[in-house]
Amino acid sequence: MHRSHRRTRTPGRTRTPGRSHTDAPGRTGAAVPTGIAGRSGAAVPTGVARRAGAPAPYATAGRPRTPVRARLRVRGAAAVCAVVLASALGAGPGPGSGSAAPTPAAGSIRWGDCPDKPVPDGMTCGSVTVPLDHDDPAKGTIRVALARIPATAPGRHPLGSLLLNFGGPGGRGTTSLAADPATFAKLGERYDLVTFDPRGVGLSEPVSCGGSQEVGDRVPADAASQLAALRAVARRCALHSGPVLPYVGTVQVARDMEAIRRALGDRRLNYLGFSYGTRLGAVYAALFPHRTGRMVLDGVDTLGEPLAEQALASARGRQRALERFLAWCAHRETCVYGTNTRTAKERVDDLVARLDRDPLIGDDGSWFTGQDAVDAIATALYAQAAWPALADALALAERRHDPVGLMQLGGPTGPVPDAGDGPARVPADNAEAALTAVNCADDPDRSEDRAAPAAVEREIRDLEPEFRAVSEVFGPGQLGTVLACYGRPAGTDFIRRIDHPGAPRMLLVGTRGDPATPYEWTEETARRLGSAVIVDHKGDGHTGYGTSACVRGYADAFLTDGHLPHGTRACPAGE
């Protein structure tokens, strides 16, 4: 969808783009500590970035209104999330310790009207009660919001429930399913389509940082002051989020999914997950291999790479997607960069550098910098359907020095005001706050927050050449990822230790031109799970189910009839 392009900041202000984007499922445009040269040679203030997700919280991937609003993904988004959680919160506990948490009995969900409107015909909503801390149920409970569309042809061998996750972290399942049920119509004939807002997200005890996550332009430019300002932001996140914040994270959400399965009365969990939802599905399969049913993971996340390696892979994947776009553009008569793809790459680099030195001014008086252009390009790369608009926007910027097209692609830099009302109201910054909270809870690596600011600055300086070598456009922004969890204790190492958990065979979909989840991650995760069949989608954009009939055919056949081929299968681009 097109988002407002009005911006109100001034040049040089420490910037933390908001919902321009999840996801998740980014780091493009992430700031780095003072003293690190930006694209124009000027120092860039410290900031915190997404790990590698998509450019906008509920943006679609693949085609208009496709299932994957996974731009919120942690790995590489077109906007950055400048929020670090306070060290006083501690990391969420991992699985396996303490007493087993009780789970609701089958049939304990009471379905009724949905608080968000509009919703498709037949859709109802409910909730399931789960422990705040699965390892210590005495700490209390929270409610996880659910939505369901009953099977439309239940007489044809009903299959129970199919749980869906559309990406993130920070993406709302309930609103995503309501926005696009038609994509899953075939699956919805025999399955009840069920989704949920993960804990900390949407209507499931939403976390918040109380509004803006920028450190502000009044903070002194030295690294020590900037890092101190990040800790102040973290304290504000703790203040506004409440008791759920230390207990967010994929491991906790996967255990919530087991409670949902029991409450639905299903013998096994059948699941379709996109982008970040693939990480969630893999963790569930590792925790509950004997409760795992038919599982399809599309746009596959990494389970093992540290943050810096994830950032590099994300920059590389985005650069690869940009080059595929430029090759496509070269066949259009109106392509502003002509037919030489090598010089086209250089001209995009030059555009970003030029706008960082001398931002354009929109018709509303707002500034548009090179990093804004990076955000806009990254957003459009998530869906091949957006490529014509990106080509036109670049032509407008190059030929007429008008940023309006790119501004519409990139979206606003701050949180979108919440239009909710009453009990369904969700904080405007919830998606951003949840994204950082989950990603930090999932990762055992941390920058050493007790190190001297000069050492932190030096660490980033040392990494900069490698990031620039991968991508002059996307590399500098992804570099900010090394500070994504600055100030917070290490999270669980459970995800990194997943190794052949013994789950049933499942289907993994990797797209060769995916800018957010590189195809290599599909192969890596398949090896880690040890029971996966890969569909190699030769197309472009983030995920394949919504745009490829071939991918959808393999996924639907497995989910509905249990048909799963042996070995890797290929789906050509455009099929």
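These numbers come from a predicted model, not from an experiment. (Residues numbered from 1 in each chain as written. Predicted model: local features only at pLDDT ≥ 70, side-chain atom pairs only at ≥ 80, totals over all residues. Heavy atoms only, no water.)

Peer 1: Looking at this structure, how should I read the packing of aromatic side chains?
Peer 2: For the coordinates displayed, the defined rule picks out eight aromatic pairs. Residues phenylalanine 184 and phenylalanine 274 carry aromatic rings whose centres are separated by 6.3 Å and whose planes lie at 55 degrees to one another, so their mutual orientation is tilted. One end of the pair, phenylalanine 184, is in the loop between helix H1 (173-179) and helix H2 (187-190); the other, phenylalanine 274, is in strand E5 (residues 269-274), with 90 residues separating them in the sequence. By relative accessible area, phenylalanine 184 is classed as buried at 0%. Three or more aromatic residues joined by ring pairs make a cluster, and in this case those are Phe166, Phe184, Phe274 and Tyr545. Above the plane of the ring of tyrosine 519 lies arginine 512, whose end atom (NZ or CZ) is 3.8 Å from the centre. Its guanidinium or amino end placed over the ring of tyrosine 545, arginine 552 lies 6.0 Å from that ring's centre, counting from NZ or CZ. (Phe/Tyr/Trp six-rings, centres within 6.5 Å; stacked < 30°, edge-to-face > 60°. Helix = DSSP H or I, 4+ residues; strand = E, 2+ residues; numbered from the N terminus. Buried < 20%, exposed > 50% of the residue type's maximum accessible area, 1.4 Å probe, protein only. Lys NZ or Arg CZ within 6 Å of the ring centre and 35° of its normal.)

Peer 1: Please explain the sheet that holds E5 as it appears in this structure.
Peer 2: Sheet strands pair by backbone hydrogen bonding; their relative direction is either parallel or antiparallel. Spatially, the nine strands line up as an open sheet ordered E1-E2-E4-E3-E5-E6-E9-E10-E11, and their pairing is mixed. Because the sheet does not close on itself, it has two edges, and the strands there are strand E1 (124-131) and strand E11 (569-571). When strand polarity is set aside, the average angle formed by the axes of neighbouring strands in this sheet is 20 degrees. Here strand E9 (residues 506-513) runs beside strand E10 (residues 532-540); their pairing, made up of seven bridges, is parallel. Pairing of threonine 511 across the sheet is with histidine 537, part of E10. (Pairing = 2+ DSSP bridges. Axes fitted to C-alpha atoms, helices over the stretch in contact; angles between N-to-C directions.)

Peer 1: Just to check I follow, could you spell out helix H14 (residues 519-529) for this structure?
Peer 2: Since the α-helix turns once every 3.6 residues, residues separated by three or four places project in the same direction. By the criterion of burial, H14 is predominantly enclosed, with eight of the 11 residues buried. Within the sequence span of H14, burial applies to Tyr519, Trp521, Thr522, Glu524, Thr525, Ala526, Arg528 and Leu529. Glycine 530, located one to two residues past H14, shows a positive phi value of around 75 degrees.

Peer 1: I would appreciate a short explanation of unusual backbone geometry in the present structure.
Peer 2: Negative phi values dominate among residues other than glycine, just as trans dominates among peptide bonds. The omega torsion of the bond from lysine 117 to proline 118 falls at 0 degrees, within 30 degrees of zero and hence cis. With respect to the helices and strands, proline 118 occurs in the segment before E1. Backbone geometry at histidine 401 places phi at a positive 55 degrees, although glycine is not the residue there. With respect to the helices and strands, histidine 401 occurs in the loop between helix H9 (387-400) and helix H10 (404-410). The backbone of histidine 500 shows a phi angle near 50 degrees, a positive value even though the residue is not glycine.

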